[in-house]
Amino acid sequence: MSLTPAGPDRRDASRKALEEAIHAFYGARIRGDMEEYASYFAPDARMTIIGNPVLSPGAGLRMGRESIMRFLQILHEENSYLSHSITDIVQEGDQVVVRWQAEVRLLDSGRTGSFEVLDHLRIKDNLIVELTHFHDTGGMAIAHGRIRIA
C-alpha cells in the first residue's frame, strides 16, 4: 500500500489508499507483525516516543528499521493488545496525523486499559521517514504500577 501524499487530481483515490495503508500499518503494529510494520518505514527512519523514560521506559529515539522492530517486539513482550480503533487521519502534504486508541492488557500488572494515542508521521517516497508517538505516559505508568495514587 502507498503512503504517498494526495495529489490534487486523485484526491479521493489517494485518500482511500492512504486510509487503507494506515489501517494495515496499525493492524501490523497491534498484531506484532514486525516485518510488515517495519516495511512501512524507510531504512533510516526515525521513531520518537515522547515521554519521561523514568515513567515510560520505552520513551526515546529509535533509528532505522531494526531498532523500530526491536521496540515493537518489546511492546508485545510487555503487553497484550486486545483491540484498536483509528479515530482520525489528517493529512497535509507529506505530514499525516493519526489519532487512535488501543485496549491493552499490561502483562506485568495484569491491568487492562484503553489508551489514546496520537502519531505524527512524515512520508517521503511512499515510506515513513519520521514517526513521533504521543500517549498518556502518566496513565500508562499508573497502570503498570510505576506510580502509586494516594
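Here we summarise the structure given alongside this text. These figures come from a predicted structure and were not determined experimentally.

**As for the pattern of salt bridges**
For the structure shown, the criterion picks out 6 salt bridges. R31 serves as the salt-bridge partner of E36, at 2.7 Å between the closest nitrogen and oxygen. On the basis of relative accessibility, which here comes to 25%, the residue E36 falls in the partly exposed class. The class of R31 is exposed, set by a relative accessible area of 52%. E130 is the salt-bridge partner of R122, the closest N and O atoms lying 2.7 Å from each other. On the basis of relative accessible area, R122 is assigned to the partly exposed category, the value being 26%. Taken together, the shared-partner salt bridges connect R31, D33 and E36 into one network.

Conventions adopted
- Residues numbered from 1 in each chain as written.
- Predicted model: local features only at pLDDT ≥ 70, side-chain atom pairs only at ≥ 80, totals over all residues.
- Heavy atoms only, no water.
- Salt bridge = Lys/Arg side-chain N within 4 Å of Asp/Glu carboxyl O.
- Buried < 20%, exposed > 50% of the residue type's maximum accessible area, 1.4 Å probe, protein only.

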